[in-house]
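Listed below, chain by chain, are the residues.
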Amino acid sequence: MEATYDAITNTGYSDLTIQDIADEFDRSKTLIYYHYDGREELLVDFLDYVMKQFRTMLPDSAESPQEELETLIDTLLPTTVEEEPFQVMLAMFELRVNAPYDTNCRDQYLAVEDELNTLLVDILSRGVENGEFENIDPETEAELFVSLLIGTRARRLTVYDPEESIASLKEAIQYHIERITATSEGNA
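Let me begin by describing the structure that accompanies this report. (Residues numbered from 1 in each chain as written. Predicted model: local features only at pLDDT ≥ 70, side-chain atom pairs only at ≥ 80, totals over all residues. Heavy atoms only, no water.)

### Digging into a negative patch on the surface
A cluster of acidic residues, E83, D161, E163 and E164, forms a negative patch at the surface. Note on placement: D161 falls in the loop between α8 (138-159) and α9 (167-180). Accessibility expressed as a relative area gives 45% for D161, which makes it partly exposed. (Patch = residues over 30% accessible without salt bridge, like charges linked within 9 Å, V, L, I, M, F, W, Y side chains within 5 Å. Areas by Shrake-Rupley, 256 points an atom, 1.4 Å probe, with all protein chains shown as cover. Salt bridge = Lys/Arg side-chain N within 4 Å of Asp/Glu carboxyl O. Lys, Arg positive; Asp, Glu negative; His and termini not counted. Charge placed at Lys NZ, Arg CZ, Asp CG, Glu CD. Helix = DSSP H or I, 4+ residues; strand = E, 2+ residues; numbered from the N terminus. Buried < 20%, exposed > 50% of the residue type's maximum accessible area, 1.4 Å probe, protein only.)

Have a look at this one:
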């Protein structure tokens with residue numbers, strides 16, 4: 001998987017071949033073909049690998065629900081991105097485009113979206129329970145945030161350069177967080 005990561009950062013997704021991965025791997029191309037029928041099958045496993053890495057970066061419930069939500073957004077949507085992680089993010093986006101045609105790929109993305117949705121429902125529910133968020137429907141808000149996050153990530157990858165700031169996009173999401181955040185009488 002590390003060889004695949006290196007190959008993607010050097011080659012990109014569209015031109016990536018098994019040979020590119022083998023060139024980054026300390027073993028033979030034959031060994032790759034022993035485990036995978038081709039590039040797409042390997043990339044589905046790579047997607048799982050990247051998602052497991054990503055899950056370790058998610059916030060824990062030690063923070064307040066609002067801080068946890070903001071940390072999650074910052075993790076998923078860095079304001080600027082270095083070229084190497086940008087190439088991997090772009091490859092994951094290009095792989096997402098294949099999801100309608102590849103059920104394994106689609107299943108991976110659905111699992112990630114379900115996990116993200118579950119995390120958001122938990123954060124929002126705890127925020128409502130402790131009075132940090134308005135009396136919102138956590139399930140509906142979670143769906144909205146999943147769509148906002150995926151859509152903003154797609155915009156980041158398709159119309160922004162890696163080093164270009166997406167601060168304005170994140171400000172729009174922050175504005176929504178502020179709208180659902182409960183205000184105390186002292187802040188009103």
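Having put the structure on the table, let's press on.
### Side note on the layout of surface pockets
Gaps between atoms show up when a probe of the same size as a water molecule is rolled over them. Here the largest pocket defines a volume of roughly 770 Å³. Around the largest pocket, the lining is made up of 30 residues, and of these V50, M51, F54, M89 and R153 lie nearest the centre. Elements represented by at least two residues in the lining of the largest pocket include exactly α1 (2-11), α4 (39-55), α5 (65-76), α6 (83-97), α7 (103-129) and α8. Classifying every residue of the lining of the largest pocket gives 22 nonpolar, 2 polar and 6 charged. (1 Å grid on protein atoms, 1.4 Å probe; cavity = no way out; pocket = protein on both sides within 12 Å on 5 of 7 lines; lining within 4 Å. Points joined across faces, edges and corners; volume = space filled by probe spheres on them. Nonpolar A, V, L, I, M, F, W, Y, C, P; charged D, E, K, R; others polar.)

### As for the pattern of salt bridges
Going through the model one piece at a time under the given rule, you end up with 7 salt bridges. For K170, the salt bridge is made with D74, and the minimal N-O distance between the two is 2.8 Å. Pair noted here: K170 is in helix α9 and D74 is in helix α5, with a separation of 96 residues, a long-range link. Given a relative accessible area of 13%, K170 falls into the buried group. Assessed through its relative accessible area of 42%, D74 is described here as partly exposed.

### So, α5
Relative to the 16 Å expected for 12 residues at 1.5 Å per residue, α5 spans 16 Å between its end C-alpha atoms, a close match to the ideal helical length. Along α5, the residues that are buried comprise P65, Q66, E68, L69, L72, I73 and L76. Buried residues in α5, looked at end-on, bunch into an arc of 165°, giving them a common side. In the core, the buried residues of α5 are packed alongside α4, α7, α8 and α9. (Expected span 1.5 Å × (residues − 1). Arc of directions from axis to C-beta. Contact = heavy atoms within 4.5 Å.)

### Some thoughts on the side chain of K170
A distance of 2.9 Å separates a polar atom in the side chain of K170 from the backbone oxygen of L77. Discounting residues that sit within four places of it in the chain, K170 has contacts with D74, L77, P78 and T79. (Polar contact = N/O pair within 3.5 Å; in protein donor to acceptor, adjacent residues only side chain to side chain.)

### A word on the packing of aromatic side chains
All chains considered together, the criterion is met by 1 aromatic pair. Directly above the ring of Y13 sits R39, whose terminal nitrogen or CZ lies 4.5 Å from the centroid. (Phe/Tyr/Trp six-rings, centres within 6.5 Å; stacked < 30°, edge-to-face > 60°. Lys NZ or Arg CZ within 6 Å of the ring centre and 35° of its normal.)

### Some details on α8
The terminal C-alpha atoms of α8 lie 31 Å apart, and with 22 residues this matches the ideal 32 Å at 1.5 Å per residue to within 8%. Every buried residue of α8 is listed here: P138, E141, A142, F145, V146, L149, T152, R156 and L157. What you see down the axis of α8 is that its buried residues fit within an arc of 145°, all on one side. Residues of α8 that are buried in the fold lie against α5, α6, α7 and α9.

### With respect to the side chain of E132
Its location among the elements puts E132 in the loop between α7 and α8. No salt bridge is formed by the buried E132; its nearest oppositely charged neighbour, R126, is found at 7.5 Å. The contact partners of E132, leaving out residues within four places of it in the chain, are S64, P65, Q66, E67, G127, T181 and A182.

### Observations concerning the environment of L72
Summarising the element assignment, L72 is placed in helix α5. Sequence separation of L72 and E115 is 43 residues, and the distance between their C-alpha atoms is 13 Å.

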